[in-house]
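# Understanding the architecture of this molecule
Each chain, letter by letter, is given below.
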Amino acid sequence: MDRIPGMVASWSVNAFPERLDEVMTAQYRFSADGAEIDRDRVHRWISEQSYWAPGRSRSRQDAAIDGSRNFGVYDTASNKQVAYARMVTDGVTFAWLCDVFVDPEVRGHGVGAVLIAGIVEDCRPLGLRRIALSTDDAHGLYSKFGFAQLDLPETWMERLDKPNS
């Protein structure tokens, strides 16, 4: 089956073949400490450079951060944040991975792999049955970590409302 832009993917924690230490480099470090998140930088990325949330207000982004598990990748030399993602989850059975963003200056240097490997490793102890996501452009990255198209996409539904920025 051909990849469909905007598809939703699901992943089983038991199928994950790689570990964070297999993709880590001396140049970048992964962190699941939400206190490290550079909120100004993340807001600029999401509101100004993402295709999924252009114009998102700072208050809305801060609320999203506050209501989620947050992850970052940082340059070890400068401690500058170079990637971000958040996860909405019940912490037991299901999670939605969203707002995944890698700074354009470091794309192509393995930062996305460090981010996704770190998230998967951090969430492994939770025993989540499914992690879902939607992407228009990063299918290859996610597939390396066990994500795949849904077997029955016709069973999934969504309700979209026009968001208040």
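What comes next concerns the included structure. (Residues numbered from 1 in each chain as written. Predicted model: local features only at pLDDT ≥ 70, side-chain atom pairs only at ≥ 80, totals over all residues. Heavy atoms only, no water.)

Core analysis: the largest hydrophobic core is formed by 29 residues, its most contacted members being Val73, Met87, Leu97, Leu115, Ile116 and Ile119. Counting only elements with at least two residues in this core, the list comes to strand 2 (28–31), strand 3 (69–75), strand 4 (81–89), strand 5 (94–102), helix 3 (111–123) and strand 6 (130–135). Val73 has contacts with Tyr28, Arg29, Phe30, Lys80, Gln81, Val82, Ala83, Val111, Val114 and Leu115, leaving out every residue within four places of it along the chain. (Core = buried A, V, L, I, M, F, W, Y, C linked by side-chain atoms within 4.5 Å. Buried < 20%, exposed > 50% of the residue type's maximum accessible area, 1.4 Å probe, protein only. Helix = DSSP H or I, 4+ residues; strand = E, 2+ residues; numbered from the N terminus. Contact = heavy atoms within 4.5 Å.)

Per the counting criterion, the structure on display carries four aromatic pairs. Relative to Phe71, the ring of Phe30 has its centre 5.9 Å away and its plane inclined at 20 degrees; by these criteria the two rings are stacked. Linking Phe30 in strand 2 with Phe71 in strand 3, this pair joins segments that are 41 residues apart in sequence. Judged by its relative accessible area of 15%, Phe30 is buried. Note on Trp45 and Phe101: the rings are 5.3 Å apart at their centroids and 25 degrees apart in plane angle, and the pair reads as stacked. Taken together, the residues Trp45 in helix 1 (residues 39–49) and Phe101 in strand 5 connect sequence positions 56 residues apart. (Phe/Tyr/Trp six-rings, centres within 6.5 Å; stacked < 30°, edge-to-face > 60°.)

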